[in-house]
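# Summary of structural features
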Amino acid sequence: MFGRNSKVNLELNREVEKLIKTGGKEQLLPIVQAGEPVLRQQTAAYEGQLSRKTLDKLIETMRVTMIEAPGVGLAATQIGLGLALAVVEDHVRDDDDDDPREAAEFPFHVIINPSYEPIGTETRSFYEGCLSFDGYQAVRKRWLDITARWQDEDGKQHEEHLHGWPARIFQHETDHLSGELYIDKAEIRSLATNENLEDSGATIRFPPKPPPNSDSNCKPGAHAANRIHARRKTLRNPIVTESYRCGIRGISCRGRGPQASPFLSYRHFFVIPPCA
């Protein structure tokens, strides 16, 4: 279990609490986009650096952000945090019958310090996308079957045989934690916008839309607009940059100078209001 022989990193814990608060009451964190250095770093193994209360809040906030995006996985690096943890979740839908991607029920998991290895040599190539390379998809070859290993939030070790689409999701999120994006090994000539893929009739699978927001002025999934849109302002440390976080629904922006934590990556960014 985490906690028995681990020590909470108080400085990191405070910074993660600040990060969580930027999501506001709606628990929506901005998702960093390709070009942010944190997406290319090898993450630090999670060994209990956060208090259990902070870890639980982080997991819940990441899950909400993932669902609202919408997506089926979200790695800590995608919210600017260089720790080896991610959340995953996908569910079978009516149109998944006879789907060559072999989608299957993949209930919510927190995967901490995950790893995988192929079972056999079979691979499959399908379109996939990424919340940190927003608006595009490309064909990526992945192992069809893997042995997946990870720890849960209690530190318990898990090992499971994953097949088909759940195996692809697990590989995608685990690769994030090693600084890899799916596009690195994709068939580049297949790269296309989501809109063009839909128009072409290609075999693609988008995450399910989240339920309608309680705000009647918002369309379902409108919070997908809560993404990062702006340039990065790099300081001396290439991972830690100056942050100006613009709150959702008109909360005033506040500035913050460079931080010492090697786990957190900040950007100069503007958040589009969720109902804009």
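Residues numbered from 1 in each chain as written. Predicted model: local features only at pLDDT ≥ 70, side-chain atom pairs only at ≥ 80, totals over all residues. Heavy atoms only, no water.

## So, the pattern of salt bridges
Our working definition: Should a side-chain nitrogen of Lys or Arg be within 4 Å of a carboxyl oxygen of Asp or Glu, the pair is scored as a salt bridge. Only DSSP runs of H or I covering at least 4 residues are called helices, and only runs of E covering at least 2 are called strands; the numbering of each starts at the N terminus. We call a residue buried when its accessible area falls under 20% of the maximum for its residue type, exposed when it is over 50%, and partly exposed in between, using a 1.4 Å probe and counting protein chains only.
In this structure the tally under the stated criterion is 15 salt bridges. For Glu128, the salt bridge goes to Arg142, with nearest N and O atoms at 2.9 Å. Placement of Glu128 in strand β4 (residues 123-129) and of Arg142 in strand β5 (residues 136-143) is noted, with a sequence separation of 14 residues between them. Glu128 gets classed as buried once you look at its relative accessible area, which sits at 5%. The exposure class of Arg142 is buried, given its relative accessible area of 4%. Between Lys185 and Glu180 there is a salt bridge, and its shortest N-O distance comes to 3.7 Å. Several salt bridges converge on common partners, so that one network encompasses Glu128, Arg140, Arg142, Arg168, Asp175, Glu180 and Lys185.

## Things to note about the sheet that holds β5
Under the convention used in this document: Only when DSSP finds a minimum of two bridges between them are two strands counted as paired. Under this scheme, a helix contributes an axis fitted over its contacting stretch, all axes are lines through C-alpha atoms, and angles between N-to-C directions fall in the 0 to 180 degree range.
On the basis of which strands lie adjacent, the open sheet formed by three strands has the order β4-β5-β8 and antiparallel pairing. Whereas interior strands pair on both sides, the edge strands pair on one side only; in this sheet they are β4 and β8 (186-193). Looking at each pair of strands side by side, their axes are set apart by 30 degrees on average, direction ignored. Bridge count between β4 and β5: seven bridges; the pairing is antiparallel. Across the sheet, residue Gly129 finds its bridge partner in β5, namely Gln137.

## Examining the packing of aromatic side chains
Stated formally: A pair of Phe, Tyr and Trp rings is counted when the ring centres sit within 6.5 Å of each other, with Trp represented by its six-membered ring. The angle between the planes then sorts it: under 30 degrees is stacked, over 60 is edge-to-face, the rest tilted. Working rule: Lys NZ or Arg CZ, within 6 Å of ring centre, within 35 degrees of ring normal, means a charge sits over the ring.
Summed over all chains, the structure comprises three aromatic pairs. Geometrically, the ring pair formed by Phe133 and Tyr136 is tilted, given 5.5 Å between the ring centres and 45 degrees between the ring planes. Owing to a relative accessible area of 23%, Phe133 belongs among the partly exposed residues under this scheme. Joined through ring pairs, the aromatic side chains of Phe133, Tyr136 and Tyr182 make up one cluster. Seen from the ring of Phe108, Arg63 lies directly overhead, with NZ or CZ sitting 4.2 Å from the centre. Here the basic side chain of Arg101 rests over the ring of Trp165, its NZ or CZ set 5.7 Å away from the ring centre.

## Regarding the nonpolar core
In plain terms, the rule: Side-chain atoms within 4.5 Å link the members of a nonpolar core, which is a set of buried Ala, Val, Leu, Ile, Met, Phe, Trp, Tyr and Cys residues.
Counting 25 residues, the largest nonpolar core has Leu58, Met62, Leu74, Ile79, Leu81 and Leu85 as its most contacted members. Of all the elements in the fold, those that place two or more residues in this core are α1 (10-21), α2 (52-68), β2 (85-90) and β3 (106-118). Here this core takes five residues from α2, the largest share from any one element.

## Focus on α2
Basically, it comes down to this: To estimate the expected span of a helix, subtract one from its residue number and multiply by 1.5 Å. Should any heavy atoms of two residues lie within 4.5 Å, those residues are counted as being in contact.
Helix length check: α2 (17 residues) gives 24 Å between terminal C-alpha atoms against 24 Å at 1.5 Å per residue, within 8%. Turning to α2, its buried residues are Thr54, Leu55, Leu58, Ile59, Thr61, Met62, Val64, Thr65, Met66 and Glu68. Tucked into the core, α2 has its buried residues touching α1, β1 (73-75), β2 and β3.

## A short note on the sheet that holds β2
In spatial order, the strands read β1-β2-β3-β6-β7; together these five strands make up an open sheet with antiparallel pairing. Edge positions in the sheet fall to β1 and β7 (157-163), since each has one partner strand and no second. Averaged over neighbouring strand pairs, the angle between their axes works out to 40 degrees when direction is ignored. As paired strands, strand β6 (residues 145-151) and β7 are joined by seven bridges and run antiparallel to one another. Across the sheet, the residue bridging to Thr147 is His161, located in β7. Along the sheet, α2 makes contact with β1, β2 and β3, crossing β2 at roughly 45 degrees. Along the sheet, helix α3 (residues 164-176) makes contact with β1, β2, β3, β6 and β7, crossing β3 at roughly 70 degrees.

## Considerations on α3
Its 13 residues place the ends of α3 19 Å apart at the C-alpha level, agreeing with the 18 Å of an ideal helix rising 1.5 Å per residue. Burial within α3 is extensive, with 13 of its 13 residues counted as buried.

## With respect to the environment of Gln41
Looking at the secondary structure, you find Gln41 in the loop between α1 and α2. Spatially, the C-alpha atoms of Gln41 and Glu180 are 8.4 Å apart, while their sequence positions differ by 139 residues.

## As for the confidence of the model for the protein chain
Applied cut-off: What pLDDT conveys is the predictor's confidence in a given residue, as a value from 0 to 100.
Mean pLDDT over the protein chain stands at 77; residues scoring 70 or higher make up 70%. Below pLDDT 50 for its whole length, residues 211-262 participates in 123 contacts with residues either more than four positions away or in separate chains. Within the model, pLDDT remains below 50 along residues 265-276, and this stretch shows 55 contacts once partners closer than five positions in the same chain are excluded.

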